[in-house]
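Next come the chains, spelled out residue by residue.
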Amino acid sequence: MADFGEILQSIGEFGLFQKTLLFALCFPSLFLTFHLASLIFVESDPERHCNTDWILKLAPNLTAEEQLNLTVPREDGSFSRCRMFAPVDWDIQVIREYGLNDTTVCSSGWVYSNMKYESTIVTDFDLVCDRAFLKEVAQAVFMAGVLAGCLLLGPFAESFGRKRASQIPVFLMLIFTVTTGLCPNLYLYMLSQFIVGIGYGGYRLNSVILVTEWIGPSRRSWGACATQLFGALGQSVIAGIIFYIRNWRLAQFIIAAPFAVVSVYIWFIPESARWLLGRGRIDEAKLLITRVAAINKRTISDSTLEKIVMKETERKGGIIVLFQSPVLRKYFLTIIMAWFSLNVTYFCLSFNVGNFGLDIFLTQAMFGLTELPAHILCIWLLEFVGRKVSLMSTLMIGGFLCFLILTVPQDNPIAVTTLAIAGRFFTNWAGSVCSLYIQELFPTSFRQTASGLGSIASRVGGLLSPLLNMLAVYHWSIPIVVYSSLTVVSGGLGYLLPETRKRELPDSTAEAEGKVKDTIMRNHPESNKPAPNKSTKL
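Residues numbered from 1 in each chain as written. Predicted model: local features only at pLDDT ≥ 70, side-chain atom pairs only at ≥ 80, totals over all residues. Heavy atoms only, no water.

(A) Here's a closer look at the overall build of the chain. What the chain contains, in helices and strands, is 24 helices and six strands. Considered along the principal axes of its C-alpha atoms, the chain spans approximately 115 × 45 × 40 Å. Each of the 538 residues in the chain was classed as buried or not, and the buried ones make up 57%. Residue pairs in contact within the chain that sit at least 24 positions apart in sequence constitute 80% of those at least 6 positions apart. Where the 45 positive side-chain charges of the chain centre and where its 41 negative ones centre are 13 Å apart. (Helix = DSSP H or I, 4+ residues; strand = E, 2+ residues; numbered from the N terminus. Buried < 20%, exposed > 50% of the residue type's maximum accessible area, 1.4 Å probe, protein only. Contact = heavy atoms within 4.5 Å. Lys, Arg positive; Asp, Glu negative; His and termini not counted. Charge placed at Lys NZ, Arg CZ, Asp CG, Glu CD.)

Put into structure tokens, the structure is as follows:
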């Protein structure tokens, strides 16, 4: 009886097929980060004053300066940004002679000036003054959509396949990115962004697993790290796009364009043969394996294919096994703690990009450019030092660097930005490790579900990050202390995990628990050769 790892060695662990599939599924990750454009590139507190055009009905020829002097009170020597004098129907001469005393909130909107952008969700939906908190709410709604995408499309992929669960999110992001740019009010905007988030979370989860299940152990780190690498490049590109566009609605339509291209070729990606075998669809799996062998210019005999028929009966168990097994439960809780913590840190830093003191476009570009070497190094170090050491070191170093932000003066933007970029560098690196690690810890029968639950935990971290940032109104250090502590603690807990470097993906609970040695030996056939004059049973 042959397992899929042996089949993969026969048809090629990282041949032309795997490289093409990897690029096709990683390419959309270049644009996934663009969905954060309307959330990150906003002026949190733009120059403004209340719209007081009511007085122009009494005196149409007033200059802008006269209008402000008559209708807007002063606070600390400058015009109020959130209050105005209550409208009256007096004669303009009376107003000039006696002035106005009663103030009220801005009832007719605001007039913005000295804007860095032509249009943002802050200015279009007036998310200022007593509505300023809605900017963080909009960020949280998007992250809630990402969470829902993992929650819905994770189990969906287990039942209907990795292929369908990767295709559907692309169309969700295409359609609702366009509707986002057309939204007339904040509530429809948040609804559209929630659905875009569903597509975002579902695609990130399922595309990585689909490509990883086709790659052999010697190159498996490419599956997770290449996706992150494309995402880091997108982080830099988004800075350039917003720098030249400066209009969040137009940016949405530009973001939708590449997804229109992806929606065409995404229909031609193949299903995971591992998943087909797990569902008992042996004939489909054989046909697909044969095609992959041809693309990789390899040959595979019918006798080898026949040996996989009996494989799956011992793997059935379902997600309940994850919680019944003390070993797998320990692994799961440890890895989701790490994934949750690093996402809290990553998105707290990302959503706070405009408050570090340097130019927002420069900071965002540096965020992306510094992540590129992180993911390139990740591919090498995952194979050189292993998953366990990589996870522990990146989390603990990243958390420590974030702690150092507390030690530098907040009026030193260069030091704060440097530490924030460095902390984000290591937490993003840890994210690549987690997305690969969780797949190698759990068997095929519930790998997708375990990855989905882990991704849900990570998205909860992303969902809580804008809310955590809101605590800065009480003291600027509170968010930093919380997310830095979580990251350092979860890095220490990584000691509880086993090393999975150079191991084939486990196909059974026994293999995942380390009770079966074949998981390692498959990848070292030279050490598993039969003794002379003895037969070997596959």
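Moving on from the coordinates now.
(B) Representation of the packing of aromatic side chains. Using the criterion set out here, one finds 20 aromatic pairs in the structure. Judged by centre distance (5.8 Å) and plane angle (50 degrees), the ring pair of Phe125 and Tyr189 falls under tilted. Of the two residues, Phe125 sits in the loop between helix H7 (121–124) and helix H8 (133–160) while Tyr189 sits in helix H10 (residues 186–212), which places them 64 residues apart along the sequence. Phe125 gets classed as buried once you look at its relative accessible area, which sits at 6%. (Phe/Tyr/Trp six-rings, centres within 6.5 Å; stacked < 30°, edge-to-face > 60°.)

(C) Fine view of helix H11 (residues 221–245). Helix length check: H11 (25 residues) gives 36 Å between terminal C-alpha atoms against 36 Å at 1.5 Å per residue, within 8%. Trailing H11 by a residue or two, Arg246 shows a phi angle of about 60 degrees, which is positive. (Expected span 1.5 Å × (residues − 1).)

(D) Just the state of the cysteines, in detail. Overall, the coordinates contain two disulfides when judged by the stated rule. Between the sulfur atoms of Cys50 and its disulfide mate Cys106 the distance is 1.7 Å. Between Cys50 and Cys106 the sulfur-sulfur dihedral comes to about -55 degrees; the bridge is accordingly left-handed. With Cys50 in strand S1 (residues 47–50) and Cys106 in the loop between strand S5 (103–105) and strand S6 (110–113), the pair connects residues that are 56 residues apart, well separated along the chain. Under the relative-accessibility criterion, Cys106 is labelled buried at 10%. (Disulfide = S-S within 2.5 Å.)

(E) Local environment of the packing of H10 against H11. Orientation of H10 relative to H11, taken along the N-to-C sense of each, is 140 degrees, at an axis distance of 8 Å. The angle between H10 and H11 places the two elements in the oblique class. Here H10 runs over H11; the crossing is right-handed. Here H10 contributes Arg204, Val208, Val211 and Thr212 to the contact with H11, which in turn contributes Gly223, Ala224, Thr227 and Gln228. For the contact of H10 with H11, the class distribution of residues is three nonpolar, four polar and one charged. (Axes fitted to C-alpha atoms, helices over the stretch in contact; angles between N-to-C directions. Parallel < 35°, antiparallel > 145°, perpendicular 65-115°, else oblique. Left-handed = near helix turned anticlockwise from the far one by under 90°. Nonpolar A, V, L, I, M, F, W, Y, C, P; charged D, E, K, R; others polar.)

(F) Quick peek at the environment of Gly452. Within the secondary structure, Gly452 is located in helix H21 (residues 447–469). Once the C-alpha coordinates of Gly452 and Cys150 are considered, the two residues, 302 residues apart in sequence, prove to be 5.6 Å apart. Ignoring any residue separated from it by four or fewer positions in sequence, one finds Gly452 in contact with Cys150 and Leu205.

(G) Structural view of empty space enclosed by the protein. Under the criterion given, the structure shown has two cavities of 30 Å³ or more. Together, 31 residues line the largest cavity, and Arg204, Gln228, Trp339, Gly431 and Arg459 are the ones closest to its centre. Where the lining of the largest cavity is concerned, the elements lending two or more residues are helix H3 (29–32), H10, H11, helix H17 (326–351), helix H20 (413–441) and H21. For the lining of the largest cavity, the per-class residue count stands at 13 nonpolar, 15 polar and three charged. Of the pockets and cavities examined, the second largest cavity occupies roughly 50 Å³. Looking at the second largest cavity, the residues that line it are Ala37, Ser38, Phe41, Tyr117, Ser119, Ile242, Arg246, Asn247, Trp248, Ala251 and Gln252. (1 Å grid on protein atoms, 1.4 Å probe; cavity = no way out; pocket = protein on both sides within 12 Å on 5 of 7 lines; lining within 4 Å. Points joined across faces, edges and corners; volume = space filled by probe spheres on them.)

(H) A look at the side chain of Ser325. Position of Ser325 relative to the elements: it lies in the loop between helix H16 (320–324) and H17. Here Leu328 takes part through its backbone nitrogen, which lies 3.2 Å from a polar atom of the side chain of Ser325. (Polar contact = N/O pair within 3.5 Å; in protein donor to acceptor, adjacent residues only side chain to side chain.)

(I) Representation of the nonpolar core in the model. With 97 residues, the main nonpolar core has Phe41, Tyr189 and Trp214 as its most contacted residues. In terms of residue count, the dominant contributor to this core is H10 (ten residues). Filtering out sequence-adjacent residues up to four positions away, Tyr189 remains in contact with Ser38, Leu39, Ile121, Phe125, Ala138, Thr180, Cys183 and Trp248. (Core = buried A, V, L, I, M, F, W, Y, C linked by side-chain atoms within 4.5 Å.)

(J) Local environment of the packing of H17 against H20. Here H17 crosses H20 at 150 degrees, and the two axes come no closer than 9 Å. Between H17 and H20, the angle is such that the two are roughly antiparallel. In this structure, the crossing between H17 and H20 has a hand that is left-handed. Between H17 and H20, the contacting residues are Leu328, Tyr331, Ile335, Ala338, Trp339, Leu342, Thr345, Tyr346, Leu349 and Ser350 on the first element and Ala420, Gly423, Arg424, Thr427, Asn428, Ala430, Gly431, Cys434, Ser435, Tyr437, Ile438 and Leu441 on the second. Taken together, the residues that form the contact of H17 with H20 break down as 14 nonpolar, seven polar and one charged.

(K) Just the environment of Val433, in detail. Mapped onto the secondary structure, Val433 falls in helix H20. Counting along the chain gives 43 residues from Val433 to Ser390, while the straight-line C-alpha distance between them is 7.1 Å. Excluding anything up to four places from it in sequence, Val433 contacts Cys378, Leu382, Arg387, Ser390 and Leu391.

(L) Quick look at the pattern of salt bridges. In this structure the tally under the stated criterion is seven salt bridges. With its nearest N and O atoms 4.0 Å apart, the salt bridge here joins Arg96 to Glu66. Residue Arg96 is found in helix H6 (residues 92–98), and its partner Glu66 is found in helix H5 (residues 64–71); the two are separated by 30 residues along the sequence. The partly exposed category is assigned to Arg96, whose relative accessible area is 40%. Residue Glu66 is classed as partly exposed on the basis of its relative accessible area of 33%. Where Arg281 meets Glu284, a salt bridge forms, and the shortest distance between an N and an O atom there is 2.8 Å. Residue class for Glu284 comes out partly exposed when judged on its relative accessible area of 40%. (Salt bridge = Lys/Arg side-chain N within 4 Å of Asp/Glu carboxyl O.)

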